[in-house]
Amino acid sequence: MVDHVPGIQVATPAPPSPVNEAYIAAKERWARRQSGAARPAPRPTSERIPAGQRQVHNFPVLDLGVKPAIPQETWELRIGGEVENPVVLKWADFLALPQVRDTSDFHCVTTWSQLDMTWDGVLFLTLAELVRPKPTATHVFFKGYDGYSTNNPIEVCLDDDVVVAHSWNGQPLPVEHGGPARVILPKRYAWKGSKWVREITFLDHDILGFWENRGYSNTADPWTEDRFS
Ligand SMILES: Nc1nc2c(c(=O)[nH]1)N[C@H]1C(S)=C(S)[C@@H](COP(=O)(O)O)O[C@H]1N2
Ligand SMILES: [Mo]
């Protein structure tokens, strides 16, 4: 317990906001996972395939018919909106941020799931810490270089397994899978993660993305077969 020193202003902690609570919870989970102390026992494959999904061992390609080729030299990731510190990251800036490796399962709404996908990149949480979302930020809108878009609540994005990935299974992400960098949100159907990600905008309200505007669920939870709206 630190007493107030006369003449020195003691900062009062910011009141808990949903954003702060999601940050702290995700960072705690991440720390536990990194320490290995609380690593859960591997679950049997059958329990890892949501209803209506089947396991595949290949990696299908789904896009809008465009596979934009963005050289690393001209690649930029713009992060802004309801944030204190908007940034435009060049490739070198992105690689200079703390890097993580995370292994997760990938569920596409077209009914295939691939297990144990290993992604290298930057935690969404790290990007959020960099730009500092305002307390008004509730949603995140992602845009891809191909004109794609998708949206998520901020809490979903701040989970400790959400990565802006540049590598898959130890290799640079091929263009058809969204390289130079794509978003991975393992707890949602895969359309919620933008390939060729170009812009991340924090918003004080929700906006529907490409598929969300075309009859797909806004929440997209594979575990409740939450496929269509
Ligand atoms: N920019 C962009 N991101 C996208 C898409 C897209 O068409 N463009 N398709 C989405 C869909 S529907 C799925 S299932 C996954 C597919 O990723 P994959 O092609 O690497 O399997 O990317 C998602 N992200
Ligand atoms: Mo998809």
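Preceding this paragraph is the structure being described.
Residues numbered from 1 in each chain as written. Chains lettered and ligands numbered in written order. Predicted model: local features only at pLDDT ≥ 70, side-chain atom pairs only at ≥ 80, totals over all residues. Heavy atoms only, no water.

A. Representation of the overall build of the chain within the structure. Summing up its helical and strand segments, the chain has five helices and 11 strands in all. Over its C-alpha trace the chain gives a radius of gyration of 19 Å, about what one expects of a compact globule, namely 17 Å for 229 residues. Dimensions of the chain, computed from C-alpha atoms along their principal axes, come out at roughly 65 × 45 × 35 Å. Per-residue burial over the chain gives 48% buried out of 229 residues. Across the chain, the fraction of contacts at a sequence separation of at least 24, relative to all contacts at a separation of at least 6, is 70%. (Helix = DSSP H or I, 4+ residues; strand = E, 2+ residues; numbered from the N terminus. Rg over C-alpha atoms; globule rule 2.2 N^0.38 Å. Buried < 20%, exposed > 50% of the residue type's maximum accessible area, 1.4 Å probe, protein only. Contact = heavy atoms within 4.5 Å.)

B. Just the pattern of salt bridges, in detail. The final tally for this structure, using the stated rule, is 16 salt bridges. Here Arg29 makes a salt bridge to Asp159, at a shortest N to O gap of 2.6 Å. Highlighted residues: Arg29 in helix α1 (residues 18–35) and Asp159 in the loop between α5 (154–157) and β8 (163–168), separated in sequence by 130 residues. Asp159 gets classed as buried once you look at its relative accessible area, which sits at 13%. (Salt bridge = Lys/Arg side-chain N within 4 Å of Asp/Glu carboxyl O.)

C. Focus on the site of ligand 1. If you check the shell around ligand 1, you find 20 residues, and the closest are Pro60, Asp146, His177, Arg182 and Lys195. Note that an oxygen atom of ligand 1 is positioned 2.8 Å from one of the backbone N or O atoms of Leu62. With respect to ligand 1, the side chain of Asp146 contributes an N or O atom lying 2.7 Å from a nitrogen atom. Isolated, ligand 1 exposes 530 Å² of accessible area, and the fraction of that covered by the protein chains is 97%. (Near = heavy atom within 4 Å. Polar contact = N/O pair within 3.5 Å; in protein donor to acceptor, adjacent residues only side chain to side chain. Areas by Shrake-Rupley, 256 points an atom, 1.4 Å probe, with all protein chains shown as cover.)

D. Layout of the sheet that holds strand β2 (residues 76–81). Taken in spatial order, the five strands line up as β3-β2-β11-β6-β7 in an open sheet, and their pairing is mixed. For this open sheet the edge positions go to β3 (87–90) and β7 (149–153), each flanked by a neighbour on one side alone. Sheet twist, expressed as the mean angle between neighbouring strand axes with direction ignored, is 15 degrees. Examined bridge by bridge, strand β6 (residues 139–144) and strand β11 (residues 197–203) share six bridges and lie antiparallel to one another. Across the sheet, His139 pairs through a bridge with Leu203, a residue of β11. (Pairing = 2+ DSSP bridges. Axes fitted to C-alpha atoms, helices over the stretch in contact; angles between N-to-C directions.)

Take it as geometry only, folks, not as evidence of what the structure does.
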